[in-house]
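Here is how the chains run, residue by residue.
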Amino acid sequence: MTILVTGGAGFIGSNFVLDWLAQSDETVVNLDKLTYAGNLQNLASLEGDARHVFVQGDIGDGALLKSLFARYRFRSVINFAAESHVDRSIAGPGAFIHTNIVGSFQLLEAARAHWGGLDALEKGAFRLLHVSTDEVYGSLGREEAPFAETHRYEPNSPYSASKAASDHLVRAYHHTYGLPVLTTNCSNNYGPYHFPEKLIPLCILNALAGKPLPIYGDGQQIRDWLYVTDHCTAIRRVLDAGRIGETYNVGGWNEKPNLDVVRGLCDILDQLAPRADRNSYAEQITFVADRPGHDSRYAIDAHKIERELGWRPAETFETGLRKTVQWYLGHEEWVRNVTSGAYRDWIAKQYA
Ligand code: NAD
Ligand code: DAU
């Protein structure tokens, strides 16, 4: 038995592949384009492991997908591949349309053709799980109830609009063709291998480098944070037992304003790697221009996945954030490698 994981060299995908192979001997074919966000170093511990087959390629490449489905006869597909950074979608939406919409469409087409040719038993067991985001629901007011699966779609950025489009395609392939799909809509992840363009790893690395910790606007925007391995557990649970055609919201019950998140990681750094002058890293917090169209609050109502599948996050924000800071402190070489060349260009342009 073999599964196809797309985008398995990125942040969540690589955590998922590592987690999967720590618990199962089922082969993973990992299809990843290796954009700036894909990093095979995340998977270095799997070198020489025959259960992990890496293929560099684009989910938008129909011919490649066809040959992979024919060769491996996947019993399931988990689609992580995406352009994932909101600020990059504002600076240049084209890649988001290519991968998140056209790529997801090509993947659905290849999966549909494959599934149509399976025998009844294999057909019944096949699943395509699409990994999506809470951002498709738009922005919540302070007093509004968290996003349930029934919340209307109101994406506000080119990133979230492209993910919303892919969610709709996934839904349509189930309703129209009967393809056995599952969708998860998750809140903000954090943890090991998080690319340092995103708030938490960016601020950890900037703090240690003595650079400003950039807070957009007033820092009062709220995100609901989930430790990445909890997300991986949720995806496995939905793949195993989720009801076909359903969507499951996944979140950490951890709503925090951005400023509190950054202050919290400064406190941990003050304990684990104090500044030479013994002042707090919080001194480096710097308010910068706001993100255009910045969503003010995301919060997930994760009751459905708990009720139906018995999933709840294992980490609290406090335990997860400490583990995350420790991971970055212990992985200097990984950090050095991802913060070279193209990364520096992006940071220079974004925070000019
Ligand atoms: P990431 O940017 O770290 O990784 C994306 C991976 O996809 C990279 O390895 C990249 O090389 C690969 N990729 C990009 N375009 C591709 C293409 N055309 N073909 C094949 N591979 C391609 O993203 P992430 O944070 O790991 O997010 C993974 C998925 O989870 C995305 O679909 C994202 O929308 C979703 N998600 C992310 C979060 C979060 O907080 N990071 C939360 C909810 C949902
Ligand atoms: O909610 C799920 C989403 O979470 C995923 O779908 C996205 O792929 C993922 O990138 C993440 O999106 P956000 O935009 O919420 O994450 P980011 O880390 O970019 O920003 C978190 C918050 O911090 C957000 O309110 C913007 C703010 N921010 C971000 C950066 C990079 C800052 O204040 N300063 C910064 O420099």
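From a predicted model like this one, the values you see are computed outputs, not experimental measurements.

Student: When you look at the pattern of salt bridges in this model, what are you seeing that I'm missing?
Tutor: Where side chains of opposite charge bring their charged atoms close, a pairing between them can arise. Across all of its chains, the model carries 20 salt bridges by this definition. Where R75 meets E26, a salt bridge forms, and the shortest distance between an N and an O atom there is 2.7 Å. Of the two residues, R75 sits in the loop between α2 (62-72) and β4 (76-79) while E26 sits in the loop between α1 (11-23) and β2 (27-32), which places them 49 residues apart along the sequence. Given a relative accessible area of 13%, E26 falls into the buried group. A salt bridge links E318 to K256; its shortest N-O distance comes to 3.8 Å. One end of the pair, E318, is in helix α11 (residues 317-330); the other, K256, is in strand β11 (residues 255-257), with 62 residues separating them in the sequence. One continuous salt-bridge network, built from bridges that share partners, spans R243, E246, K304 and E308.

Student: Mind showing me how you'd approach empty space enclosed by the protein here?
Tutor: To find leftover empty space, one rolls a probe the size of a water molecule over the atoms. On inspection of all chains with the given rule, the structure shows two cavities of 30 Å³ or more. Quantified by volume, the second largest cavity comes out at close to 30 Å³. Residue lining of the second largest cavity: A9, G10, F11, A37, N39, N42, Y193, F195, W334 and V338, and that is the complete set. Classifying every residue of the lining of the second largest cavity gives seven nonpolar, three polar and no charged.

Student: Mind showing me how you'd approach α2 here?
Tutor: Owing to its 3.6 residues per turn, the α-helix brings residues three or four apart onto one side. Buried within α2 we find L65, L68, F69 and Y72. Viewed end-on, α2 has its buried residues packed into an arc of 100°, placing them on one side of the element. Summarising the geometry of α2, the exposed residues directed more than 90 degrees from the buried face are A63, K66, A70 and R71. Of the surrounding secondary structure, the elements contacted by the buried residues of α2 are β1 (2-6), β2, β3 (52-56), β4 and α4 (94-116). Among the residues of α2, the N-terminal cap falls to D61, whose side-chain oxygen and the backbone nitrogen of A63 are separated by 3.3 Å. The positive-phi residue at the C-terminal boundary of α2 is R73, with phi of around 45°.

Procedures and definitions
Residues numbered from 1 in each chain as written. Chains lettered and ligands numbered in written order. Predicted model: local features only at pLDDT ≥ 70, side-chain atom pairs only at ≥ 80, totals over all residues. Heavy atoms only, no water. Salt bridge = Lys/Arg side-chain N within 4 Å of Asp/Glu carboxyl O. Helix = DSSP H or I, 4+ residues; strand = E, 2+ residues; numbered from the N terminus. Buried < 20%, exposed > 50% of the residue type's maximum accessible area, 1.4 Å probe, protein only. 1 Å grid on protein atoms, 1.4 Å probe; cavity = no way out; pocket = protein on both sides within 12 Å on 5 of 7 lines; lining within 4 Å. Points joined across faces, edges and corners; volume = space filled by probe spheres on them. Nonpolar A, V, L, I, M, F, W, Y, C, P; charged D, E, K, R; others polar. Arc of directions from axis to C-beta. Contact = heavy atoms within 4.5 Å. Polar contact = N/O pair within 3.5 Å; in protein donor to acceptor, adjacent residues only side chain to side chain.

This is a description of form; function is not addressed.
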